[in-house]
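# Topology and contacts: notes
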Amino acid sequence: TADYVMIGFALSLCREKVLHCLSLLLSSILMDGPNKLTTFACHIQGQDYMFVKEFAAFLASVLLKCCRQSEGSDMEIILGGLASLSDELSWFKKEADKWSVDLAEVSPLKSNTAYCRFLQSFSEPEISYTVAITTFWIIETVYRDSFAFCIEEGNKTPPELLGTCQRWGSPEFKQYCQSLQIIADRCLAEAPADVVRSAEEAFLRVLELEIGFWEMSSSQT
Ligand code: HMH
């Protein structure tokens with residue numbers, strides 16, 4: 001439908017922006033040397049660890065909406081995503097040790113707080129499954145695309161961050177993002193116009209919040 005094409009268009013526009021921010025960030029890490037790298041790594045480990053905990057609660061709300069509003073195999077994919085967050089949190093803890101980040105000492109920065117508040121808003125039962133699953137899809141996809149970009153030919157990612165990039169740039173994660181897209185596509189194709197509009201708004205908001213999240217890793221605000 002025309003509405004879906006709109007989402008595809010917005011995605012390609014904003015994705016460029018997110019990728020641009022990340023690539024600038026990475027090149028500044030390379031130019032500024034070890035200090036900047038440490039700041040960036042500590043940011044990922046500390047702030048993203050907190051984000052992922054909130055993201056798990058968000059996923060639980062998506063799962064709940066799925067059980068209430070949808071039938072079929074969606075549930076298995078969402079449950080799989082939720083289960084993999086357990087591994088992910090362990091990974092963050094291990095990495096935090098490596099960078100000597102004390103997770104108990106970390107407090108959320110402003111952009112992260114705004115992002116977490118946005119995630120919390122999905123616990124409202126009024127927000128539809130279609131809006132929630134579209135939001136879930138774009139959050140994972142932006143993350144995947146950004147890290148996959150870092151390991152593309154010619155993008156000189158520091159070796160210390162290569163593992164991080166490979167984790168989210170992996171073919172398995174890509175596959176998972178694609179299965180989310182299939183669900184979102186199906187829901188959007190069946191949804192009334194006002195729901196599609198809300199999904200679009202949530203989609204654009206995620207891109208804004210992601211840009212804020214990554215910008216704060218260099219500005220510390
Ligand atoms: C900032 N966006 C951010 N962190 C994440 N862990 C994800 C998305 C998805 O996993």
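Look a little higher up for the structure.
Report on the accompanying structure.

Criteria and thresholds
- Counting from 1, residues in each chain are numbered in the order their sequence is written.
- The predicted origin of the model limits local features to residues at a pLDDT of at least 70 and limits the giving and counting of side-chain atom pairs to 80 or more, whereas totals for whole chains, interfaces and linings rest on all residues.
- Computation of side-chain values covers all heavy atoms of the structure but excludes hydrogens and water.
- Secondary structure elements follow DSSP: runs of H or I of four or more residues count as helices, runs of E of two or more count as strands, with numbering from the N terminus.
- Buried residues are those whose accessible area, probed at 1.4 Å on protein chains only, stays under 20% of the maximum for their type, while exposed residues exceed 50% and partly exposed ones sit between those limits.
- What makes two residues a contact is simply this: any of their non-hydrogen atoms within 4.5 Å.
- Using the Shrake-Rupley algorithm and a 1.4 Å probe, accessible areas are obtained, with residue cover drawn only from the displayed protein chains.
- Put plainly, a pocket is an open set of points on a 1 Å grid over the protein atoms alone with protein on both sides within 12 Å along at least five of seven lines, a cavity is a set where a 1.4 Å probe fits but cannot get out, and a lining residue has an atom within 4 Å of a point.
- Grid points are joined across faces, edges and corners, and a volume is the space filled by probe spheres set on the points.
- Any residue that is not Ala, Val, Leu, Ile, Met, Phe, Trp, Tyr, Cys, Pro, Asp, Glu, Lys or Arg is counted as polar, Gly included; the first ten are nonpolar and the last four charged.
- By convention in these notes, a residue is near a molecule or strand provided one of its non-hydrogen atoms lies within 4 Å of it.
- Here a polar contact is recorded for every N or O atom pair within 3.5 Å, except that within protein the pair must consist of a potential hydrogen donor and a potential acceptor, and residues adjacent in sequence are included only if both atoms are side-chain atoms.
- What decides whether a molecule sits in a cavity or pocket is whether more than half of its atoms lie within 2 Å of the grid points.
- The salt bridge definition used is simple: a Lys or Arg side-chain nitrogen within 4 Å of an Asp or Glu carboxyl oxygen.

## Quick word on the overall build of the chain
For the chain, the count of helices and strands is 8 helices and 0 strands. Mapped from its N terminus to its C terminus, the chain presents α and β elements in the order α-α-α-α-α-α-α-α. Among the 221 residues that make up the chain, the fraction classed as buried is 51%. Looking at the chain alone, contacts between residues at least 24 apart form 84% of all its contacts between residues at least 6 apart. Summed over its atoms, the accessible surface of the chain is roughly 10900 Å², and 56% of this surface lies on carbon and sulfur atoms.

## Notes on the layout of surface pockets
Unoccupied space between atoms shows up once a probe the size of one water molecule is rolled over them. Estimated volume of the largest pocket: approximately 180 Å³. Around the largest pocket, the lining is made up of 13 residues, and of these Ser-84, Glu-88, Arg-167, Trp-168 and Phe-173 lie nearest the centre. Of all the secondary structure elements, the ones that give two or more residues to the lining of the largest pocket are helix H3 (74-98), helix H6 (159-168) and helix H7 (171-190). Estimated volume of the second largest pocket: approximately 150 Å³. Of all the secondary-structure elements, those providing two or more residues to the lining of the second largest pocket are helix H5 (129-150) and H7. Sort the elements by how many residues they give to the lining of the second largest pocket and H7 lands first, with 3 residues. Counted by class, the lining of the second largest pocket contains 2 nonpolar, 4 polar and 3 charged residues.

## What about the site of the ligand?
Every residue lining the ligand is accounted for by Asp-48, Phe-51, Val-52, Glu-88, Ile-139, Glu-140, Tyr-143, Glu-210 and Phe-213. Contact between the ligand and Glu-210: a nitrogen atom at 2.5 Å from a side-chain N or O atom of the residue. Contact with the protein chains removes 99% of the 280 Å² of surface that the ligand exposes when unbound. Among the detected pockets, the ligand sits in the largest cavity. Those elements giving two or more residues to the shell around the ligand turn out to be helix H2 (34-69), H5 and helix H8 (193-219). Here the shell around the ligand is composed, by residue class, of 5 nonpolar, no polar and 4 charged.

## A word on the side chain of Ser-61
Note on placement: Ser-61 falls in helix H2. Look past the residues within four positions of Ser-61 in its chain and what remains in contact with it is Phe-122 and Ser-123.

## Focus on the pattern of salt bridges
Summed over all chains, the structure comprises 4 salt bridges. Ionic pairing is found between Asp-74 and Arg-186, a salt bridge with its closest N-O pair at 2.8 Å. Taken together, the residues Asp-74 in helix H3 and Arg-186 in helix H7 connect sequence positions 112 residues apart. On the basis of relative accessible area, Asp-74 is assigned to the buried category, the value being 3%.

By themselves these figures say nothing about function.
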